[in-house]
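For reference, the chains in residue letters:
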Amino acid sequence: MGKHMVNIRNIRIGQRLTLGFGLVIALMILLAGLALTRIQDLSHETTEIVSGTYPQTVTANRMKANLNEISRSMLSVLVMSDEEQIKGELVNIAKYEKLNVELATDVEKALTGDADKALLANLGKYRERSNKAQKAFVELVQGGQKEEALTKFLFSVRSMHTRYFEALEQLNTRQHALMEATGARSAETARNTTLFIVALAGAIVAVSVGVAFFATRSITRPLNRAVKIAEQVAAGDLSARIVSESEDETGQLMRALEEMNRGLQRIVGDVRQGTVAIASASSQIASGNSDLSVRTEEQASSLAQTSSAMSELTRIVRQNAENASQANQLASAASNIATEGGQVVAQVVDTMGAIDASSRKIVDIISVIDGIAFQTNILALNAAVEAARAGEQG
């Protein structure tokens, strides 16, 4: 049963619907064919009644009517005295007798069954006797023997007509029985046909409902699962277990959803790995910024110390300049004193040598101060560049 269901599920939806509707259409055609067959049977039975049994009943009634006309003409002949009227009645007798002969021939041709042979034999016997009695009656009338004709009519013709009439009535009864049997059979066929059509129509409706239910269920259930999975994925849950159980369009849809889910899982995994890498890089950048901040603070401390040293050097230089100014004043004083006394010249020369040496030292100190200032500018520039880079990366 499971394999059978799998095979049905592997059929495409269009083919499945085609098979279902084809089955319903085939059942409808079967219903129409069987109904047509039953209707043809009813039509055949009705035709048999209309063209077979009923015409024979009509023929028997016409023969009875003709026989009555013959009896009436015979009675008229017996009471008439006018020869022309008598001849007219005799012509009527011959005419109706001829019609009965033709009608009897038609009946014999139509009734060919074994059950009708006895009726036909009885009818033929009394028809011949009736015709024989009628001929004798006509001959007596034509010979002017009305009394003998009356006797013939009362004791022979009328009894033969009665037997003939009874034979026709038996035929009529037989045909009525056949019509009633055929009618009952037709009614039974109609009832059976109605029940059969209703039962088959109910079966077709049941099959149609089953086909519609199965087709709808086989289409809507996978689609509902696909919708739920799509909603689950749309909500951010990629843990859904997607299984394709068929090879039809819904199975293809489930496989496509499975591939989409796997692709989204790969993308989310890649994004997660990228996020971890970005977090690690951010941590490293933060650590570098911290180191850079420490180094910047150290450079700022060094700059502060350098600035303090520069201030001290400036004070020393200023003091040396004052000393040089004082030395210059002393030199002026020594020169004045030299002009006043030769003894003091040697001391002045010595003092000037000392001053010259001090001046040279002052020049060296100024060169050292210029070098320190240049290096300090370089350090300040490097610190500003590092601070700028730390600000951009931070």
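Residues numbered from 1 in each chain as written. Predicted model: local features only at pLDDT ≥ 70, side-chain atom pairs only at ≥ 80, totals over all residues. Heavy atoms only, no water.

Engineer: Is there a simple way to think about the overall build of the protein chain in this case?
Structural biologist: Secondary structure summary: the protein chain contains seven helices and zero strands in total. The linear arrangement of helices and strands in the protein chain, starting from the amino end, is α-α-α-α-α-α-α. Looking at the 394 residues of the protein chain, the share that counts as buried comes to 26%. Pairs at least 24 apart in sequence give 79% of the contacts found in the protein chain among residues at least 6 apart. When the accessible surface of the protein chain is totalled, it reaches about 25,100 Å², and 59% of it is carbon and sulfur. (Helix = DSSP H or I, 4+ residues; strand = E, 2+ residues; numbered from the N terminus. Buried < 20%, exposed > 50% of the residue type's maximum accessible area, 1.4 Å probe, protein only. Contact = heavy atoms within 4.5 Å. Areas by Shrake-Rupley, 256 points an atom, 1.4 Å probe, with all protein chains shown as cover.)

Engineer: Just checking my understanding: could you explain the environment of Q134 for this structure?
Structural biologist: Of note, Q134 is situated in helix α4 (residues 114-142). The class of Q134 is buried, set by a relative accessible area of 3%. Once the C-alpha coordinates of Q134 and A149 are considered, the two residues, 15 residues apart in sequence, prove to be 9.8 Å apart. Not counting chain neighbours up to four residues away, the residues in contact with Q134 comprise L67, I70, M74, E97, V157 and H161. Reaching out from Q134, the side chain makes a polar contact with the side chain of H161 at a distance of 2.7 Å. (Polar contact = N/O pair within 3.5 Å; in protein donor to acceptor, adjacent residues only side chain to side chain.)

Engineer: Got a minute to help me understand helix α5 (residues 146-234) in this structure?
Structural biologist: Residues spaced three or four apart along an α-helix face the same direction, because each turn holds 3.6 residues. Along its 89 residues, α5 runs 122 Å from first to last C-alpha, staying within 8% of the 132 Å computed at 1.5 Å per residue. Of all the bends found along α5, the most pronounced is centred on F153 and spans about 45 degrees. Following α5 by one or two positions, G236 has its phi on the positive side, about 100 degrees. (Expected span 1.5 Å × (residues − 1). Bend = angle between axes of the 7 residues up to and from the residue.)

Engineer: Explain a nonpolar patch on the surface to me, please; I cannot follow it from the model alone.
Structural biologist: Residues L17, F21, I25 and I29 make up a contiguous nonpolar surface patch of about 400 Å² in total accessible area. Structurally, I29 can be placed in helix α2 (residues 13-79). (Patch = residues over 30% accessible without salt bridge, like charges linked within 9 Å, V, L, I, M, F, W, Y side chains within 5 Å. Salt bridge = Lys/Arg side-chain N within 4 Å of Asp/Glu carboxyl O.)

Engineer: It is not clear to me how the pattern of salt bridges should be interpreted in this structure. Could you clarify?
Structural biologist: The final tally for this structure, using the stated rule, is four salt bridges. E169 is the partner of K64 in a salt bridge, and the nearest nitrogen-oxygen pair spans 2.3 Å. Here K64, found in helix α2, pairs with E169, found in helix α5; they are 105 residues apart in sequence, far enough to count as distant. Across the salt bridge formed by E89 and R72, the nearest N and O atoms sit 3.9 Å from each other.

Engineer: When you look at the nonpolar core in this model, what are you seeing that I'm missing?
Structural biologist: Most often, soluble globular proteins have nonpolar side chains that are buried together. M74, L90, F137 and V141 are the most contacted members of the largest nonpolar core, which totals 18 residues. Broken down by secondary-structure element, the contributors of at least two residues to this core are α2, α3 (83-110), α4 and α5. Ranked by residue count, the leading element in this core is α4, at five residues. Not counting residues up to four positions away in its chain, the partners in contact with F137 are M74, L78, A149, K152, F153 and V157. Counting 13 residues, the second largest nonpolar core, distinct from the first, contains A60, V107, Y126 and Y164. (Core = buried A, V, L, I, M, F, W, Y, C linked by side-chain atoms within 4.5 Å.)

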